[in-house]
Amino acid sequence: MRLAVCAEMVFTDLPFVERVKRIHEAGFDVEIWDSRGKDLQALKATGAVFSSMTGYSAGSLVDPDTADDVVRTAEALIPTALELGVSRMVVHPGELVDGRAARPVYRSTGRMWATGARTLERLGRLGERHGVTFCLENLNTILDHPGIPLARAKDTLALVEAAAHPHARMMLDLYHAQLGEGNLIELVRSALPYIGEIQVADVPGRCEPGTGEINYGAVARALADAGYEGTVGMEAWAKDDSTAALDAFRAAFSVYAEEKP
Ligand SMILES: O=C(O)C(=O)CO
């Protein structure tokens, strides 16, 4: 199992490349969001392993009118993913602009389900051609992302199952799942075969594990028992100090280090 940290949310007082260096030097892989406008050569020169990046820049996966834009912009980002060695490209059920739904939708239709599954399957085929995996992230709609349709973990799981492509997986975000659904241990068990990567943060506040109500030690134990060997990424703000947040994250998943020193 590998641990990654999202460079968009920690060491926020430092320039972006410096944040990546700090995360890498602390022994974690690195997640980034929008790669456009970032200095790819400087990022590469840090020597960091980049585990995931945002994998599209326009369109909504489940929207029949804009789903083609998701595939088109995903394809345009493939060279960046290959340049940085990113293996997982993250997509959402609906387009986010500055974290908000570009076209808020509060009702889901059969067409949206069918479009989502079909678009994800197209992304899977695109990913297979280039050796990357597209991961559909669940989001909470009660606090951070209102108006994103088919965003609950059980919805994204159903879409990934329906797409039935090995290069289309879930980005299972347990922070979002806790806000929307809870029942995290059962969720990771049922989603296990479809997980591309897991993201974590605590609730409330979206800070590092141990700052809120989620028992991440128990979640880590359940993941280890279920045989999860993939990446867990901390997509969280540091409650106080970023180095302390990284340490708390590592400690929460120490069950893995104990089993595989
Ligand atoms: O809120 C999230 O988890 C996102 O990935 C938005 O970019």
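Residues numbered from 1 in each chain as written. Predicted model: local features only at pLDDT ≥ 70, side-chain atom pairs only at ≥ 80, totals over all residues. Heavy atoms only, no water.

Enquirer: Looking at this structure, I do not really get the packing of aromatic side chains. What am I missing?
Expert: The geometry of an aromatic ring pair is captured by the separation of the ring centres together with the interplanar angle, meaning the angle of the planes. Counting across every chain of the model gives 3 aromatic pairs. Geometrically, the ring pair formed by Tyr216 and Phe253 is tilted, given 6.1 Å between the ring centres and 45° between the ring planes. Residue Tyr216 is located in helix α8 (residues 216-226), and its partner Phe253 is located in the loop between α9 (242-252) and α10 (254-259); the two are separated by 37 residues in the primary sequence. You'll find Tyr216 and Phe253 in the same group, each marked buried. Aromatic side chains Phe249 and Phe253 sit 5.7 Å apart centroid to centroid with 70° between the ring planes, which places their arrangement in the edge-to-face category. Like Phe249, the residue Phe253 is buried in the burial classification. One aromatic cluster in this structure is built from Phe28, Tyr216, Phe249 and Phe253. Cation over ring: Lys38 sits above Phe16, and NZ or CZ is 4.5 Å from the ring centre. (Phe/Tyr/Trp six-rings, centres within 6.5 Å; stacked < 30°, edge-to-face > 60°. Helix = DSSP H or I, 4+ residues; strand = E, 2+ residues; numbered from the N terminus. Buried < 20%, exposed > 50% of the residue type's maximum accessible area, 1.4 Å probe, protein only. Lys NZ or Arg CZ within 6 Å of the ring centre and 35° of its normal.)

Enquirer: I tried to follow the pattern of salt bridges on my own but got confused; where do I start?
Expert: Any two side chains of opposite charge can pair if their charged atoms end up close together. For the structure shown, the criterion picks out 17 salt bridges. Here Arg36 and Asp34 are joined by a salt bridge, their closest N and O atoms 2.8 Å apart. Notably, a salt bridge pairs Arg122 with Asp68, separated by 2.8 Å at the nearest N-O pair. Of this pair, Arg122 sits in helix α4 (residues 110-130) while Asp68 sits in helix α3 (residues 67-84), and the two are 54 residues apart along the sequence. Connected via shared salt-bridge partners are Asp63, Glu95 and Arg103. (Salt bridge = Lys/Arg side-chain N within 4 Å of Asp/Glu carboxyl O.)

Enquirer: I tried to follow the site of the ligand on my own but got confused; where do I start?
Expert: Taken together, His92, Leu96, Glu137, Leu139, His145, Asp173, His176, Arg206 and Glu235 form the complete shell of residues around the ligand. Between an oxygen atom of the ligand and a side-chain N or O atom of His176, the distance comes to 2.7 Å. The side chain of Arg206 places a nitrogen or oxygen atom 2.7 Å from an oxygen atom of the ligand. (Near = heavy atom within 4 Å. Polar contact = N/O pair within 3.5 Å; in protein donor to acceptor, adjacent residues only side chain to side chain.)

Enquirer: What should I look at first to understand helix α7 (residues 184-191) in this one?
Expert: An α-helix turns once per 3.6 residues; consequently, residues spaced three or four apart project the same way. Listed as buried for α7 are Leu184, Leu187, Val188 and Ala191. For α7, the buried positions fall inside an angular range of 95° around the axis, keeping them on one side. Looking at the buried residues of α7, the elements they touch are α5 (153-163), β8 (168-173), α6 (174-180), β9 (195-200) and α8. (Arc of directions from axis to C-beta. Contact = heavy atoms within 4.5 Å.)

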